[in-house]
Amino acid sequence: AVVMINQRDVGIARDEVIYIQTGAHYADWWIGLVTFQHGISEASVTRTFGGPGVTDNNREHPPVMKTLFGLSERLVHGGLGVDEVTAYRLPSAILHGALVLSVYGMALELWGAAAAVIAGLLLALLPRALFHAGLACFDAPSMALWFFTVRAYGRAVVSGGINRRWPWQVGVLWGLALGTKHTALLLPFALGAHYLVLGAIAWRGVAPEQRSARALVRTVLGHRWRVIASLAVLGPVTLYLVWPWLWFDPVHHVRDWLA
């Protein structure tokens, strides 16, 4: 609500024009697909999500938020009468609200209610974050999905019963982060560094007579192997599922995107 009130006095940023236009096309394609107005064909996907040029239909940027911008405009503006710009910006605001709630929840688990309230308020009132959360752009949503992934990873590597279950949330959230902004490609490096530190700590607890190359791999790399599998498998699969441009000739299109 705070983000939506604040954004009323913010003019349209340059990037928003591009993301709004392409997001509307993406949303119409998905709506047409689920209402059986068209099927899945390489021609229709290319016409909406790609093309021969490196910037055709804004294919250099992943589609998750653009699609949500377009769907929000079609449903909230077209269906509920909310003004057009606000409708396009609503998904960013909702994600930012979810981020504040998630930060509050993590601080509550770790340090208690007082720290949780302070952490939530500091994030909610952070001027630059508040500004970006009111735009139909990727920066604020990327920050939110980055944090969601980190928190899911943290829960998967701590002691407890969750380690015996598949931490599918880690991979899916990272896949959505990849589908939002390129910066998510850096996230495994941050998580990997932390993972190796945990493995090194575990290795220190191994008795000297039990140390071997096999024990080293099992202890340092395999101590939470399900997390690695989730990131390695579910992350790319999620990105593939939410981005129709990758459904045809995915290797070539991923190479183009990374380039």
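Whatever comes next refers back to the structure up there.
Residues numbered from 1 in each chain as written. Predicted model: local features only at pLDDT ≥ 70, side-chain atom pairs only at ≥ 80, totals over all residues. Heavy atoms only, no water.

Draft legend 1. Fine view of the overall build of the protein chain. Scanning the protein chain for helices and strands turns up 13 helices and zero strands. Listed by position from the N terminus, the elements making up the protein chain come as α-α-α-α-α-α-α-α-α-α-α-α-α. Oriented by its inertia axes, the alpha-carbon framework of the protein chain measures out at about 70 × 50 × 30 Å. Expressed as a percentage of contacts within the protein chain between residues at least 6 apart in sequence, the contacts between residues at least 24 apart total 69%. Taken as a whole, the protein chain presents about 13700 Å² of accessible surface, with 68% of it coming from carbon and sulfur. Of the side-chain charges in the protein chain, 20 are positive and 15 negative, and the distance between the mean point of each set is 15 Å. (Helix = DSSP H or I, 4+ residues; strand = E, 2+ residues; numbered from the N terminus. Contact = heavy atoms within 4.5 Å. Areas by Shrake-Rupley, 256 points an atom, 1.4 Å probe, with all protein chains shown as cover. Lys, Arg positive; Asp, Glu negative; His and termini not counted. Charge placed at Lys NZ, Arg CZ, Asp CG, Glu CD.)

Draft legend 2. How the structure looks around unusual backbone geometry. Here N58, not a glycine, exhibits a phi torsion of approximately 55 degrees, which is positive. For N58, the position within the fold is in the loop between α3 (42-49) and α4 (64-80). Positive phi, close to 55 degrees, is recorded for D249, a residue that is not glycine.

Draft legend 3. Representation of a nonpolar patch on the surface in the model. Nonpolar side chains collect at one region of the surface, where L101, Y104, L108, V117, L121 and L125 lie side by side and expose about 560 Å² of accessible area between them. Elements represented by at least two residues in the nonpolar patch include exactly α5 (84-111) and α6 (113-124). Counting residues per element, the nonpolar patch draws most heavily on α5, at three residues. Relative to the helices and strands, V117 is located in helix α6. For V117, a relative accessible area of 42% puts it in the partly exposed group. (Patch = residues over 30% accessible without salt bridge, like charges linked within 9 Å, V, L, I, M, F, W, Y side chains within 5 Å. Salt bridge = Lys/Arg side-chain N within 4 Å of Asp/Glu carboxyl O. Buried < 20%, exposed > 50% of the residue type's maximum accessible area, 1.4 Å probe, protein only.)

Draft legend 4. Highlighting the nonpolar core. Ranked by size, the top nonpolar core spans 46 residues in total, and within it F69, L99, F148, Y153, V170 and V227 carry the most contacts. Looking at this core, the elements that each hand over two or more residues are α2 (14-34), α3, α4, α5, α8 (139-157), α9 (168-178), α10 (187-204) and α12 (225-242). Tallying contributions element by element places α8 first for this core, with eight residues. Setting aside residues no more than four positions away along its own chain, V227 makes contact with Y153, A156, V157, P167 and V170. V3, A93, A133 and A140 belong to the second largest nonpolar core, which has six residues in total. (Core = buried A, V, L, I, M, F, W, Y, C linked by side-chain atoms within 4.5 Å.)

Draft legend 5. A look at the side chain of H253. For H253, the location among the structural elements is in helix α13 (residues 250-258). Looking at H253, its side chain comes within polar contact range of the main-chain oxygen of W245, at 2.6 Å. (Polar contact = N/O pair within 3.5 Å; in protein donor to acceptor, adjacent residues only side chain to side chain.)

Draft legend 6. Up close: the pattern of salt bridges. Within the structure shown, the criterion is met by eight salt bridges. One salt bridge in this structure joins R151 and E109, with 2.9 Å as the shortest N-O distance. Here E109 lies in helix α5 and R151 lies in helix α8, a separation of 42 residues in the sequence. Through salt bridges with shared partners, a single network forms among D28, E73 and R74.

Draft legend 7. Just the environment of R8, in detail. Take R8: it is sitting in the loop between α1 (2-6) and α2. With 78 residues separating them in the primary sequence, R8 and T86 have C-alpha atoms 7.5 Å apart. Of note is the side chain of R8, whose polar atom sits 3.3 Å from the backbone oxygen of I5.

Draft legend 8. Inspection of helix α11 (residues 213-221) at higher detail. Taken together, the buried positions of α11 are occupied by A215, T219 and V220. Buried residues along α11 cover an arc of 105 degrees about the axis, so they all sit on one side. When the buried face of α11 is taken as reference, the exposed residues oriented beyond 90 degrees from it are A213, R214 and R218. As for α11, its buried residues are in contact with α10. (Arc of directions from axis to C-beta.)

Draft legend 9. How the structure looks around the packing of α2 against α4. Where α2 meets α4, the axes come as close as 7 Å, and the angle between the chain directions of the two elements is 75 degrees. Taken as axis vectors, α2 and α4 run roughly perpendicular relative to one another. Contacts from Y19, T22, G23, A24, Y26, A27, D28, W30 and I31 of α2 reach α4 at K66, T67, F69, G70, L71 and R74. Partitioning the contact of α2 with α4 into residue classes produces eight nonpolar, four polar and three charged. (Axes fitted to C-alpha atoms, helices over the stretch in contact; angles between N-to-C directions. Parallel < 35°, antiparallel > 145°, perpendicular 65-115°, else oblique. Nonpolar A, V, L, I, M, F, W, Y, C, P; charged D, E, K, R; others polar.)

None of this, on its own, says anything about what the molecule does.
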